[in-house]
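Topology and contacts: notes
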Amino acid sequence: MFDLTGKTAIVTGSTKGIGKAIAEQFAIAGAQVVVSSRKNDACEEVAQSINEMVMDKPGEATAIPCHISHKEQLSNLVEETHKRFGKIDVLVCNAAVNPFFGSSAEIPDSAFEKIMDANIKSNHWLCQMVIPDMLAKKAGSIILVSSIGGFKGSPVLGAYSISKAADLAIVRNLAVEYGPHNIRANAIAPGLIKTDFAKALWSNPEILEKATRGYPLRRIGEAIEVAGAAVFLASEAASFITGQTIVIDGGGLIA
Ligand code: NAP
């Protein structure tokens, strides 16, 4: 049920952290995976390491760099994927930015706009670009990596949280609009995960203890603990699931 053999998947922001773990697990599950981030060298390096990892298996990886805020680079990502694999079955919009930490009263317009462009508009664009292919095949799975920030208020991550709440609305809209064409759209909302993105929150033991005190599992998550949900949502195991959000946060949101 969880086999991805024969499926082609794009994972944005997949040279590090959660995106990399998803790309690796997709390939291990048999998929052809497009590794993507802003830096070509990093994309090539990760694609190569994945190919070594799945050498005797059906999965494989290829590198296509893309800065998600640039529409022409997103178009190139989709066109290049078509050239190399002929189709797109799974899209994971994972890359996101957060250039500002502080009060909503003080966020500069430029930072607010950067967050909305990279975290909302680029996801909207990329979904628009892959959906025609999925419509033609009458099959597809779209996965947006949101955050528990999308469910909660924050005094310091307000704009980021707005953008992550938008992901939850995007998947509901796509699910309703494209469900009749057998295209599914779901989100994953991680809590605190040990990646560079959240380093300020886990590199200091005191801040880490404070941040995870309310988590029933009393610890930070690892990137690989998010990847399994992406494999699930991409696979036939999730064939009747759409418009949903899977929270992966050690229980923090319900405590
Ligand atoms: P990460 O370890 O910092 O990795 C981010 C990846 O995205 C890298 O491959 C990075 O490569 C790429 N990237 C950054 N900006 C990009 C851009 N403008 N265009 C294309 N690629 C870009 O981050 P992460 O923690 O795995 O975060 C992944 C997702 O999880 C994000 O959507 C984040 O909001 C979400 N999330 C994370 C946590 C957490 O605690 N870590 C919690 C909740 C949600 P380059 O820099 O080379 O481009």
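As a further point, take the site of the ligand. The environment of the ligand is formed by 28 residues, the closest being Thr-15, Arg-38, Asn-94, Tyr-160 and Thr-195. Lys-39 has a polar side-chain atom sitting 3.3 Å from an oxygen atom of the ligand. For the ligand, an oxygen atom lies 2.6 Å from a polar atom in the backbone of Asn-94. Relative to its unbound accessible area of 890 Å², the ligand is 94% covered by the protein chains. Looking at the shell around the ligand, the elements that each hand over two or more residues are helix 1 (17–28) and helix 5 (158–178). Taken together, the residues of the shell around the ligand sort by class into 12 nonpolar, 11 polar and five charged.

A full pass over the atoms with the stated rule returns two aromatic pairs. Each ring, one from Phe-2 and one from Phe-232, has its centre 6.2 Å from the other, and the planes form 40°; the classification is tilted. Placement of the pair is Phe-2 in the segment before strand 1 (8–11) and Phe-232 in helix 8 (residues 224–234), with a sequence separation of 230 residues. Looking at Phe-232, the relative accessible area reads 22%, which means it is partly exposed. Taken together, a centroid distance of 5.9 Å and an interplanar angle of 45° make the contact between Tyr-160 and Phe-197 tilted. With Tyr-160 in helix 5 and Phe-197 in the loop between strand 6 (183–190) and helix 6 (199–202), this residue pair connects regions lying 37 residues apart in the sequence.

This paragraph deals with the sheet that holds strand 4 (residues 90–93). Reading across the sheet, the seven strands line up as 3-2-1-4-5-6-7 and stay open at both edges, with parallel pairing between neighbours. Of all strands in the sheet, those bounded by a partner on one side alone are strand 3 (60–63) and strand 7 (245–248). Strand-to-strand twist across the sheet, computed as the mean angle between neighbouring axes with direction ignored, equals 20°. Across four bridges, the pairing between strand 2 (residues 32–35) and strand 3 is parallel. Pairing of Val-35 across the sheet is with Ala-63, part of strand 3. Sheet strands touched by helix 1: strand 1, strand 2, strand 3, strand 4, strand 5 (140–145) and strand 6. Its angle to strand 1, the strand with the most contacts, is close to 170°.

A few words now on the pattern of salt bridges. In total, this model carries 11 salt bridges according to the counting rule given. Measuring nitrogen to oxygen at the nearest pair gives 2.5 Å for the salt bridge that ties Lys-87 to Asp-89. Judged by its relative accessible area of 23%, Lys-87 falls in the partly exposed class. Taking the shortest distance from any N to any O, the salt bridge between Asp-167 and Lys-164 comes out at 3.9 Å.

Okay, the nonpolar core next. Membership of the largest hydrophobic core comes to 36 residues, with the highest contact counts inside it found for Ile-22, Phe-26, Val-35, Val-92, Ile-143 and Ile-188. At the level of elements, strand 1, helix 1, strand 2, helix 2 (40–53), strand 3, strand 4, strand 5 and helix 8 are the ones that each hand at least two residues to this core. Of all the elements, helix 8 adds the most residues to this core, at seven residues. Other than its neighbours up to four places away in sequence, Ile-22 contacts Val-11, Val-92, Val-145, Ala-227 and Ala-230. Core analysis: the second largest hydrophobic core is formed by 31 residues, Cys-66, Ile-131, Ile-170 and Ala-187 among them.

Axis separation between helix 1 and helix 8 bottoms out at 8 Å; the angle between their running directions is 50°. As judged from the angle between their axes, helix 1 and helix 8 are oblique. The handedness of the crossing between helix 1 and helix 8 is right-handed. Across the interface between the two elements, Ile-18, Ala-21, Ile-22, Gln-25 and Phe-26 from helix 1 touch Ile-224, Val-226, Ala-227, Ala-230, Val-231 and Ala-234 from helix 8. Split into classes, the residues belonging to the contact of helix 1 with helix 8 amount to 10 nonpolar, one polar and no charged.

How each quantity is defined
Residues numbered from 1 in each chain as written. Predicted model: local features only at pLDDT ≥ 70, side-chain atom pairs only at ≥ 80, totals over all residues. Heavy atoms only, no water. Near = heavy atom within 4 Å. Polar contact = N/O pair within 3.5 Å; in protein donor to acceptor, adjacent residues only side chain to side chain. Areas by Shrake-Rupley, 256 points an atom, 1.4 Å probe, with all protein chains shown as cover. Helix = DSSP H or I, 4+ residues; strand = E, 2+ residues; numbered from the N terminus. Nonpolar A, V, L, I, M, F, W, Y, C, P; charged D, E, K, R; others polar. Phe/Tyr/Trp six-rings, centres within 6.5 Å; stacked < 30°, edge-to-face > 60°. Buried < 20%, exposed > 50% of the residue type's maximum accessible area, 1.4 Å probe, protein only. Pairing = 2+ DSSP bridges. Axes fitted to C-alpha atoms, helices over the stretch in contact; angles between N-to-C directions. Contact = heavy atoms within 4.5 Å. Salt bridge = Lys/Arg side-chain N within 4 Å of Asp/Glu carboxyl O. Core = buried A, V, L, I, M, F, W, Y, C linked by side-chain atoms within 4.5 Å. Parallel < 35°, antiparallel > 145°, perpendicular 65-115°, else oblique. Left-handed = near helix turned anticlockwise from the far one by under 90°.

Keep in mind these values describe shape, not function.
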